[in-house]
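Spelled out, the chains give:
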Amino acid sequence: MADQRNGSGQPSNAARNVYAIDVEKFKIRLKAFYSNWNENKAGLWGSSDVIAIATPPPSEDLRYLKSSALNIWLLGYEFPETVMVFMKRQIHFLCSQKKASLLEVVKKPAREVEGVDVMMHVKVKTDNGTDLMEVIFRAIRSQPGADEQAAPVVGHIVREAPEGNLLETWSEKLKGAGFELADVTNGLSDLFAVKDADELINVKKAAFLTCSVMNNVVVPKLENAIDEEKNITHSALMDEAEKAILDPTRAKAKLKAENVDICYPPIFQSGGEFDLRPSAASNDESLYYDSASVIIIAVGSRYNSYCSNVARTLMIDATPLQSKAYAVLLKAQEAAIGALKPGNKLSAAYLAALSVVEKEAPELVPNLSKSAGTGMGLEFRESGLNLNAKNDRMVKAKMVLNVSLGFQNLHNQTKNPKIQNFSLLLADTVIAGDQNPDVVTSKSSKAVKDVTYSFNEGEEEEQKPRARAEMNGGENLMSKTTLRSDNGEISKEELRRQHQAELARQKNEETARRLAGVGSANGDSRAASKTSADLVAYKNVNDIPPARDLMIQIDQKNEAVLLPIYGSMVPFHVSTIRTVSSQQDTNRTCYIRIIFNVPGTAFNPHDSNSLKHQGAIYLKEVSFRSKDPRHISEVVQQIKTLRRHVMARESERAERATLVSQEKLQLAGNRFKPIRLTDLWIRPVFGGRGRKLPGSLEAHVNGFRYSTSRAEERVDVMYANIKHAFFQPAEKEMITLLHFHLHNHIMVGNKKTKDVQFYIEVMDVVQTLGGGKRSAYDPDEIEEEQRERERKNKTNMGFQSFVNRVNDLWTQPQFSGLDLEFDQPLRELGFHGVPHKVTSFIVPTSSCLVELVETPFLVVTLGEIEIVNLERVGLGQKNFDMTIVFKDFKRDVLRIDSIPSTALDGIKEWLDTTDIKYYESRLNLNWRQILKTITDDPQSFIDDGGWEFLNLEASDSDSDNSEDSDQGYIPSDAEPDSETEEEDSDSESLVESEDDEEDDSEEDSEEEKGKTWEELEREASNADKEKANDSDSEQERNRRKAKAFGKSRAPPRPAPRMPKRPKFR
């Protein structure tokens, strides 16, 4: 029997001995065969009364035959040198004894499903089978219903030439038997076109193997060869790819080697010689990868004889024509794939692609391939399913198609023959779904950023190398890899400095354009006045509860506090109360003091309620005295609790009022089973005092849903609202997590948030340790560590599977505009810093800078960054700070403090690679004042050179003869150089930050609204200290100042001529 090279996969030798035909599958497919034959007899089957299929002997050549395909489809196995004759009431097999014994099992099921008898004609080796053929011919002539006058119509596969003694004899006898012959190729194509569930699984596994070879073998091999400038031939690359297909472990694919094979020898083309036909071959020429070169790769693999195919085009330093042509080709292929919907004609795919090219680049229409692909399955190209402009056959659900589109013979304006001519090719394996097509090879990326490469071409010694930004065309895209090392004449730091200089020029031009468009509008939108609804405790006097005693009462139901004033109970809504406090004097007399919110005072502006009653008189504060300390304590506690509850409710109501309305979640229902991940915890957590419960995350039609067993604990996250999605496996952390950073806020419980995270703890955060020491070789300890590793790996794999399936879902056409894909942090680029209050490990991704473990989370979109300023950078510093300035100047800058200086070079390299302009300064800056100055007078900022005032080198050169070069810069932890009180206070203060301003505003607010007894006593104590300080000598003040700095300092010395650089601890 045939081996695997016959165009149809075969089991290994060991498997042959245990081979058995799947009877149930045979019954289903035999019924489908007869059903299709009966329904389309006059058309696709050529009015055949009998169908005769002859399978040739095995061959070492890679070929695809309809006869072999029918064998595998119907019987699950190829039977070479076998003749099958299908009649209305009989099926005849002409074969050897061994094959006949295997086919005995189909007799009973054939009779059960179609009422046909299976007849075996066993040919011995010494016989040519002539007599047995005559028996079959007599059965054809005598079958029931045959017209004696007219010759029976025998259908066969016209294009398959007979091979071997048996088939040549059969063909000769068939032609001389007086039958009318017809071609049944179209009938078999239609029979194989729609795949069942088992066939689709085989196609998907084949596609998985193809993508794995492309991503894990082919592309890394190419990148390595180009990066290290290796001389490697196309045929050598072909051999590497073929070995990876035949041994899936090389491609990190867990598939059995005996079930896989190649569809065709992998194709590698470059150097100006391109052939887009599937029959193309890889030549022995070397891979050409100089600037403006194109590399075409095509890889196809089979699983259980079912084919898959993918083709990609890589571009090195693409020319404008290449970039435009590829963008048009990508759009055209996506249009062709989108047209493969049930009910459309197959021609619609090509016409959709042609329409895109005619609209986007009509000059490229003559170069467009004449077909958009073919059907695919057991054959690499199923005849009758060509995606050309003339095929009127209909697309049906569960068809598998190879959508292949390309531009042939395009020309660059150059004399270099290696890059003068080029072609582009894209191909994917697509399954036509019930509604939308499924691209099963989507894991092999064809996005522009993943197929374009750039490198610094070596220039002559007299010329300086071009900046990387110039070669990238100024685009803010990070290349997938940087190719070609430098020639050694220019240092890495110099190249980075040149690139940063070009970025500075581009950034200043961009900022100038943006500010010119915005104008010099002033104002700060940070503070917004609060508005509240009408505060009504009681609608009329009769609703006030009767007074039992003239004592302070709390009405929880109406949210009111009733105060006895001049013998009457006067109600106050709890929202009007700002603070409440109590105090007890030495006579055991208790006092309660209530301070109210007074509209119109500082930090308490008029709202819609107070504006209705502009002539009203407001009570600022009131005090009561009591001999019952227990009652006073209860009243204070009740008022505080009620006020906290009301404020929380109003805050949640106000936050919900500002939410952007979201679309409604469409549940998966019966359309498909939702992708599910269980036993997850959520951050931020739901409110409530009950025990926290884990929940499950499900991916539905247009969004995610997280829910626990409690009905009220449910969160919907729409795909359209996701700005960034992250997957961070547990490596050195305690948790594996999925994180979504949103465009608009949503409510999680009663919290308004833009960040939602779902995670699993892979190990116990708190462990109980025994009293004594445990040996490092303790078997229990080793076993526990092993369990933890297995648990972590299992959790990471579960999350990875969920992420991969959701990524596949997001590749569907309806989500193409959202540009969604799970991003994974790049740990090797991470660094430690303090973005909020605690030290965290901050990690870049391809599009963001994130910290997803500690709360509050940090997610910074790289595209929203204007510049980055690295502060407190200098010799002898152990740490430095990073300030991120956003393009929206009304947005506060982000400070990441206390970054170890050892991370400085890595951060610079990362910023430079991502085309972000960075500056360095020795001191911290007052950014709020700087941004206010820029927005107040943008023209002056532009005229003064834009951001170049931050250029440290320029500042140093300008400050050689000036003592005012550091104006606006305030050192952190610097030694004071002056003896005056004012200069000392300046040197001790850090740059004004938001926290300082907020603290000042809070103190001012307290001063305006009234102070508690504790505050009044504290002020008196401070005043006494100030009086004592005034009497101290200047030497004593300096001593206290040195103590406050945490170490003693040398006595002051006369100031030197040149300004002294401050020292930092």
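Residues numbered from 1 in each chain as written. Predicted model: local features only at pLDDT ≥ 70, side-chain atom pairs only at ≥ 80, totals over all residues. Heavy atoms only, no water.

## Examining the nonpolar core
Put simply, the rule is: Among buried residues, the Ala, Val, Leu, Ile, Met, Phe, Trp, Tyr and Cys ones that are joined through side-chain atoms within 4.5 Å form a nonpolar core. Using a 1.4 Å probe on the protein chains alone, a residue whose accessible area is under 20% of its type maximum counts as buried, one over 50% counts as exposed, and one in between counts as partly exposed. Note on conventions: DSSP H or I runs of at least 4 residues are helices, E runs of at least 2 residues are strands, and numbering of each starts at the N terminus.
Phe-33, Leu-70, Phe-86 and Phe-407 are the most contacted members of the largest nonpolar core, which totals 127 residues. Looking at which element gives the most residues to this core, the answer is helix α9 (residues 197–227), with 13 residues. One finds Phe-704, Val-717, Phe-727 and Trp-810 within the second-largest nonpolar core, a separate group that totals 32 residues.

## As for the packing of aromatic side chains
For clarity, the threshold we go by: For this analysis, a ring pair means two rings from Phe, Tyr or Trp (six-membered ring only for Trp) whose centres lie within 6.5 Å, classed as stacked if their planes differ by under 30 degrees, edge-to-face if by over 60, and tilted for the remaining angles. Definition used: whenever NZ (Lys) or CZ (Arg) falls within 6 Å of the ring centre and also within 35 degrees of the ring normal, the charge is taken to sit over that ring.
Under the definition given, this model contains 27 aromatic pairs. Look at Phe-704 and Tyr-719: their rings are 5.1 Å apart centre to centre, the planes differ by 85°, and that puts the pair in the edge-to-face class. You can see Phe-704 sitting in strand β25 (residues 703–707) and its partner Tyr-719 sitting in the loop between β26 (714–718) and β27 (722–728), a full 15 residues away along the chain. For Tyr-719, a relative accessible area of 1% translates into the label buried. Between the aromatic rings of Phe-704 and Phe-802, the centroid separation amounts to 6.3 Å while the plane-to-plane angle is 35°, which identifies the pairing as tilted. Here Phe-704, found in strand β25, pairs with Phe-802, found in helix α19 (residues 779–810); they are 98 residues apart in sequence, far enough to count as distant. Given a relative accessible area of 2%, Phe-802 falls into the buried group. Connected via pairs of aromatic rings, a cluster forms that spans Phe-686, Phe-704, Tyr-706, Tyr-719, Phe-740, Phe-758, Phe-802, Trp-810, Phe-815 and Phe-822. Between the NZ or CZ atom of Arg-683 and the centre of the ring of Tyr-759, over which it lies, the distance is 5.1 Å. The lysine or arginine in question, Lys-917, covers the ring of Tyr-919, its NZ or CZ lying 4.6 Å from the ring centre.

## Brief notes about the side chain of Lys-446
To keep things clear, this is the line we draw: In protein, a polar contact means a hydrogen-donor-capable atom and an acceptor-capable atom, both N or O and within 3.5 Å, with residues adjacent in sequence counting only if both atoms are side-chain atoms; elsewhere, any N or O pair within 3.5 Å suffices. Whether two residues touch is decided by their heavy atoms; if any such pair falls within 4.5 Å, the residues are in contact.
Structurally, Lys-446 is set in the loop between β14 (438–439) and α14 (448–451). Here Gln-333 takes part through its side chain, which lies 2.7 Å from a polar atom of the side chain of Lys-446. Setting aside anything within four residues of it in sequence, one finds Lys-446 in contact with Arg-312, Tyr-326, Leu-330, Gln-333, Ile-337, Leu-426, Asp-428 and Val-451.

## Regarding the pattern of salt bridges
To keep things clear, this is the line we draw: Just to be clear on terms, a salt bridge is a Lys or Arg side-chain nitrogen sitting within 4 Å of an Asp or Glu carboxyl oxygen.
Counted under the stated rule, the structure contains 43 salt bridges. The partner of Asp-196 in a salt bridge is Arg-29, with the nearest N and O atoms 2.8 Å apart. Here Asp-196 is found in the loop between α8 (185–193) and α9, whereas its partner Arg-29 is found in helix α2 (residues 23–39), with 167 residues between them in sequence. Owing to a relative accessible area of 5%, Arg-29 belongs among the buried residues under this scheme.

## Some remarks on the side chain of Arg-496
As for its placement among the helices and strands, Arg-496 is situated in helix α16 (residues 492–518). Classification of Arg-496 by relative accessible area gives buried; the value is 6%. Excluding residues that lie within four positions of it along the chain, Arg-496 makes contacts with Asp-905, Lys-908, Glu-909, Asp-912 and Tyr-918.

## Some remarks on the sheet that holds strand β23 (residues 675–683)
Note on sheets: strands pair through backbone hydrogen bonds, and any given pair is parallel or antiparallel. This is how the line gets drawn: Two strands pair if DSSP finds at least two bridges between them.
The strand order across the open sheet formed by eight strands is β26-β25-β24-β23-β29-β28-β27-β30, and the pairing between neighbours is mixed. Where the open sheet ends on each side, the last strands, each with one partner, are β26 and β30 (822–823). Two strands pair when backbone bridges link them, and β25 and β26 are joined in this way by five bridges, in the antiparallel orientation. Note that in β26 the partner of Gly-703 across the bridge is Met-718.

## Some details on the confidence of the model for the protein
Formally: Known as pLDDT, the predictor's per-residue confidence is scaled from 0 to 100.
The predicted model of the protein has a mean per-residue pLDDT of 80, with 79% of residues at 70 or higher. Between residues 1–17, whose pLDDT stays under 50, and residues either more than four places distant or in other chains, the model counts 57 contacts. Across residues 959–1009 the pLDDT falls below 50, and counting only partners more than four positions away or on other chains, this stretch makes 81 contacts in the model.

## Some remarks on the packing of helix α3 (residues 66–75) against α8
Note the cut-off: Every angle, taken between N-to-C directions, lies between 0 and 180 degrees, and every axis is a line fitted to C-alpha atoms, over only the stretch in contact when it is a helix. In a left-handed crossing the near helix is turned counterclockwise from the far helix by less than a right angle, and in a right-handed crossing that turn is clockwise.
Where α3 contacts α8, the two axes come as close as 11 Å, and the packing angle between them is 40°. For the pair α3 and α8, the crossing hand works out as left-handed. Contacts from Lys-66, Ala-69, Leu-70 and Trp-73 in α3 reach Thr-185, Leu-188, Ser-189, Leu-191 and Phe-192 in α8.

## Structural notes on the sheet that holds strand β18 (residues 560–565)
Pairing in this open sheet of three strands is antiparallel, and the strands run β17-β18-β19 from one edge to the other. Looking at which strands have only one partner, the edges of the open sheet turn out to be β17 (553–555) and β19 (568–573). Neighbouring strand axes in the sheet, compared pairwise and without regard to direction, differ in orientation by 30° on average. Bridge count between β18 and β19: six bridges; the pairing is antiparallel. Its bridge partner lying in β19, Ala-560 is registered against His-573.

## Section: helix α21 (residues 927–936)
Let me state the cut-off plainly: The arc in question is the one traced by the directions running from the helix axis out to the C-beta atoms.
By the burial criterion, the buried members of α21 are Trp-927, Ile-930, Leu-931, Ile-934 and Thr-935. Buried residues of α21, seen end-on, are gathered within an arc of 130° and therefore sit on one face of the element.

## Concerning unusual backbone geometry
The amide bond that connects Arg-683 to the next residue, Pro-684, takes the cis arrangement and shows omega of 0°. Within the secondary structure layout, Pro-684 lies in the loop between β23 and β24 (695–699). The omega torsion of the bond from Thr-855 to Pro-856 falls at -5°, within 30 degrees of zero and hence cis. Within the secondary structure, Pro-856 is located in the loop between β33 (848–851) and β34 (858–861). Of note, the phi angle at Asp-915 is positive, near 60°, even though the residue is not glycine. Summarising the element assignment, Asp-915 is placed in the loop between α20 (904–913) and β38 (918–920).

## Comments concerning the environment of Ile-934
Structurally, the position occupied by Ile-934 is in helix α21. Expressed as a C-alpha distance, the spacing of Ile-934 and Phe-889, which sit 45 residues apart in the sequence, is 8.4 Å. Once residues lying within four places of it in the same chain are set aside, the contact partners of Ile-934 are Leu-515, Phe-889, Phe-941 and Trp-947.

## A look at the pairing of β24
Put simply, side chains in a regular strand alternate between the two faces of the sheet. Along β24, five of the five residues are buried, which leaves the element largely enclosed by surrounding structure. With burial as the criterion, each face of β24 is covered, one bearing Gly-695, Leu-697 and Ala-699 and the other bearing Ser-696 and Glu-698. For β23 and β24, the ladder comprises four bridges, and the chain directions are antiparallel. Directly across from Leu-677, in β24, lies its bridge partner Leu-697. The pairing of β24 with β25 spans four bridges and is antiparallel. Bridge pairing in β25 links Glu-698 to Arg-705. Adjacent in sequence and paired antiparallel, β24 and β25 are bridged by three residues.

## Considering the environment of Lys-66
Turning to its location among the elements, Lys-66 is positioned in helix α3. Residue Lys-66 is classed as buried on the basis of its relative accessible area of 5%. Note: C-alpha distance between Lys-66 and Glu-379 (313 residues apart in sequence) is 7.8 Å. A polar side-chain atom of Lys-66 sits 2.6 Å from a polar atom in the side chain of Glu-379.

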